[in-house]
Amino acid sequence: MTSTTVLAGDAAACASRSAEVQRLAARVAGCAGQADAVLAALARLELQTWQSPAGRAYRVTLSLQAASLRRARDGLLEASSAVLAHAWLVALAPGRSGF
């Protein structure tokens, strides 16, 4: 094999790995989007008027769960950004495995 063939092969492999990592970043971002949908549903439940002590306790529990889910969603968004940044590095680094 000539060095040109090896370099072209390395570039193609990096592009393929980069595309795969970009798809992973999109899936992680999709999970964050799903968390947003659940947060919206929780917000609608929290806005309801809860008169009884049990109802108020339920609303407090919903609020705590929503806060936890917001932190998880934020982590997913950060992870998606990090994975996407890694995808670009993989594309720029022919000859390296990227993983």
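Relevant structure appears above.
Procedures and definitions
- Residues numbered from 1 in each chain as written.
- Predicted model: local features only at pLDDT ≥ 70, side-chain atom pairs only at ≥ 80, totals over all residues.
- Heavy atoms only, no water.
- Helix = DSSP H or I, 4+ residues; strand = E, 2+ residues; numbered from the N terminus.
- Buried < 20%, exposed > 50% of the residue type's maximum accessible area, 1.4 Å probe, protein only.
- Contact = heavy atoms within 4.5 Å.
- Areas by Shrake-Rupley, 256 points an atom, 1.4 Å probe, with all protein chains shown as cover.
- Polar contact = N/O pair within 3.5 Å; in protein donor to acceptor, adjacent residues only side chain to side chain.

## A closer look at the overall build of the protein chain
Along the protein chain, the regular secondary structure elements total 2 helices and 0 strands. Each of the 99 residues in the protein chain was classed as buried or not, and the buried ones make up 19%. For the protein chain, contacts bridging at least 24 residues in sequence account for 77% of all contacts bridging at least 6. Accessible area of the protein chain: about 6700 Å², with a carbon and sulfur share of 63%.

## Thoughts on the side chain of arginine 73
Looking at where arginine 73 falls in the secondary structure, it is placed in helix 2 (residues 53-92). With relative accessibility at 15%, the residue arginine 73 sits in the buried group. Setting aside chain neighbours within four positions, we find arginine 73 in contact with Ala32, Ala35, Asp36 and Leu39.

## A few points about the side chain of serine 18
Of note, serine 18 is situated in helix 1 (residues 3-47). Among the polar contacts listed, one links the side chain of serine 18 to the backbone oxygen of alanine 87, at a separation of 2.8 Å. Here serine 18 is in contact with Ala87, Trp88, Val90 and Ala91, once residues within four sequence places are set aside.

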